[in-house]
Amino acid sequence: MTDIKLFHRPLIEKNNCGRNNFNDEVAEKVLAFHRTLPGYKPTPLAQLPALAKRCGVAGLYVKDESKRFGLNAFKGLGGSWCLANLIAKKIGLQSIDFHELCAPESLKRLGKNTFITATDGNHGMGIAWTAQQLQQNCVVYLPKGSTEERVERIRRVGATAEVTDMNYDQTVEYAQSLAAKNGWEFVQDTDRPGYTEIPTLIMQGYLTMAREAVDELKDKGLKPTHVFLQAGVGSMAGSIASYLASVYEDDMPVFVIVEADAADCIHKTMECGDGTVHVAQGDLATMMAGLACGIPSMTGLRILEGVAENFATITDRAAARGMRMLGNPLEGDDRVISGESGAAGFGAFIELTLEEENLNLRKAAGLDENSVVLCFSTEGDTDKAHYRKVVWQGVPPSA
Ligand SMILES: Cc1ncc(COP(=O)(O)O)c(C=O)c1O
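Each value, and the rule that gives it
Residues numbered from 1 in each chain as written. Predicted model: local features only at pLDDT ≥ 70, side-chain atom pairs only at ≥ 80, totals over all residues. Heavy atoms only, no water. Helix = DSSP H or I, 4+ residues; strand = E, 2+ residues; numbered from the N terminus. Rg over C-alpha atoms; globule rule 2.2 N^0.38 Å. Buried < 20%, exposed > 50% of the residue type's maximum accessible area, 1.4 Å probe, protein only. Contact = heavy atoms within 4.5 Å. Areas by Shrake-Rupley, 256 points an atom, 1.4 Å probe, with all protein chains shown as cover. Pairing = 2+ DSSP bridges. Axes fitted to C-alpha atoms, helices over the stretch in contact; angles between N-to-C directions. Near = heavy atom within 4 Å. Core = buried A, V, L, I, M, F, W, Y, C linked by side-chain atoms within 4.5 Å. Domains from an automatic or database assignment. Buried area = accessible area lost by both parts, 1.4 Å probe. Salt bridge = Lys/Arg side-chain N within 4 Å of Asp/Glu carboxyl O. Polar contact = N/O pair within 3.5 Å; in protein donor to acceptor, adjacent residues only side chain to side chain. Nonpolar A, V, L, I, M, F, W, Y, C, P; charged D, E, K, R; others polar. Expected span 1.5 Å × (residues − 1).

What about the overall build of the chain?
Looking only at helices and strands, one finds 17 helices and 11 strands in the chain. Taking 21 Å as the expected radius of gyration for a compact globule of 399 residues, we find that the chain reaches 20 Å, a close match to that expectation. When each of the 399 residues of the chain is scored for burial, the buried share is 60%. Restricting to contacts in the chain with at least 6 residues of sequence separation, those with at least 24 account for 75%. Surface exposure of the chain reaches about 15,500 Å², of which carbon and sulfur atoms provide 49%.

Considerations on the sheet that holds strand β2 (residues 45-47)
What the seven strands build is an open sheet, ordered β1-β10-β9-β8-β11-β3-β2; its pairing is mixed. The sheet is open, and its two edges are formed by β1 (4-8) and β2, each paired on a single side. Here the strands of the sheet are splayed against their neighbours by 25 degrees on average, with no regard to which way each runs. Relative to strand β3 (residues 59-64), β2 is paired through three bridges, and the arrangement is antiparallel.

Some thoughts on the site of the ligand
The environment of the ligand is made up of 16 residues, and the closest members are Asp120, Asn122, Gly232, Gly234 and Thr378. Expressed as a share of its isolated accessible area of 390 Å², the protein-covered part of the ligand is 99%.

Brief notes about the nonpolar core
Ranked by size, the top nonpolar core spans 95 residues in total, and within it Leu229, Ile240, Phe255, Ile257, Leu304 and Phe376 carry the most contacts. In this structure, this core is formed jointly by two domains, domain 1 (4-73 + 203-391) and domain 2 (76-188), each of which donates at least three residues. Setting aside anything within four residues of it in sequence, one finds Phe255 in contact with Val227, Leu229, Ala241, Leu244, Ala245, Val307, Ala308, Glu309 and Asn310. Within the second largest apolar cluster, 39 residues are counted, among which are Leu51, Val62, Ile350 and Val390.

Some thoughts on the domain arrangement of the chain
The domain architecture assigned to the chain consists of domain 1 (4-73 + 203-391) and domain 2 (76-188). On a C-alpha basis, the centroid separation for the pair domain 1 and domain 2 is 25 Å. Every contact between the two is made by 35 residues of domain 1 and, on the other side, 25 residues of domain 2. Interface area, domain 1 with domain 2, both sides summed: about 2,400 Å², of which 60% is carbon and sulfur. For domain 1, the biggest contributors to the area lost against domain 2 are Phe33, Thr36 and Leu71; these three give 26% of the whole. Linking domain 1 with domain 2 are three salt bridges, by the criterion used here. The partner of Lys144 in a salt bridge is Asp283, and the shortest N-O contact between them spans 3.3 Å. Taken together, the links from domain 1 to domain 2 amount to 14 residue pairs in polar contact (both at pLDDT 80 or more). Of all the elements in the fold, those that place two or more residues in the side of domain 1 that touches domain 2 are α1 (24-34), α9 (197-205), α10 (207-219) and α17 (384-391). By residue number, the principal contributor to the side of domain 1 that touches domain 2 is α1, which donates four residues. In terms of residue class, the side of domain 1 that touches domain 2 is built from 16 nonpolar, 10 polar and nine charged.

Quick word on the pairing of β3
Within β3, six of the six residues are buried, leaving the element largely enclosed by the surrounding structure. Pairing analysis gives six bridges linking β3 to strand β11 (residues 372-377), with the strands arranged parallel. Across the sheet, residue Lys63 finds its bridge partner in β11, namely Phe376.

Brief notes about helix α3 (residues 76-91)
Each full turn of the α-helix corresponds to 3.6 residues, which orients residues three or four apart in the same direction. The terminal C-alpha atoms of α3, which comprises 16 residues, lie 22 Å apart, in line with the 22 Å expected from a rise of 1.5 Å per residue. Just beyond α3, the residue with positive phi is Gly92, at close to 75 degrees.

Considerations on the sheet that holds strand β6 (residues 160-163)
Strand order in the open sheet formed by four strands is β6-β5-β4-β7, and the pairing between neighbours is parallel. Two strands bound the open sheet, and with one partner strand each, they are β6 and β7 (185-186). By the bridge criterion, four bridges tie strand β5 (residues 137-142) to β6 in an arrangement that is parallel. Of the residues in β6, the one forming a bridge with Leu142 is Val163. Sheet strands in contact with helix α8 (residues 168-182) are β4 (114-118), β5 and β7, and its direction is about 160 degrees off that of β4.

Below, the structure is given as structure tokens:
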């Protein structure tokens, strides 16, 4: 049984969707803000030349977001940029600078506000961490099945965190209803009809990781030909794809969007192709907790429709294989600790290039000996016990 499905459709007309919000000028501003945050430094761009050779491509690079602000995931980039903008607007600050936001006078003017969100863990952690830095209250709801470790991590940065008995999408609705009831600020990383400003800010925050990767590749005289982006609701994939499409313009990379097979809303929507948005229903049972989302972000979806040609889904086995391979590199390659959702894009690349049965899919995606591949490992071992289960105990086993 194959561990990857890939829907390829030639891009007839590239659109400019999102280009006003996710371009280099915006990325520059976002990066300038992130530089003012405590503990900021660019995350490593791991190089895997030996594996690239084995996989038959010219270069393989993995952006390691486990090193982001000590948060073990990229999501704090979005939460911090969003909260900083909301707060600056509230107290009338012109610039978005962490030190200014934290100045005693700013905090006095701001008073205490409560921010609420729903999360698989990483987004909530980013919001809770930023709220703590800015001395604000934070309430976080996680969907059923969330592990105690993820809940505890959020509580440790001062937030109230509870697990619901609902799936991710229902938990988002619940958090939104509580916000309306209590007059709290709902800060969600996916849009809903009439709710796009905050998710757009969060998506802009993600640009820092792409901007750092572009800069580092440029220093090496390189540009990516292929970019693998994992998607839950598709906010991250949409913002990064839009940004890279604007940076590289006519020489835009090929994008491969990767979802968990149990939460394949974007894949199904694209495959169907008649404009109907498909929703993945039920428990969305996958170990890729960050990708277990049934309703796509419309902002993300519209962007991906106009720039991406490849929409993949992978099994948990493929993600597990990605985690193991990144954690146990070939000689001379960099090591990356990558969690279940973090390894999904890389896992898809491995299935496409190392499995003979996927030769046609590899060809459809245009992967060959000239390809320079960029993956984003968007989280580290955010669930340490489960990471060990996957990497040490081989659960789930590879095919
Ligand atoms: C580690 C990780 N990677 C990728 C994603 C996907 O991001 P999005 O929901 O914006 O598609 C998430 C979402 O929570 C995540 O936690």
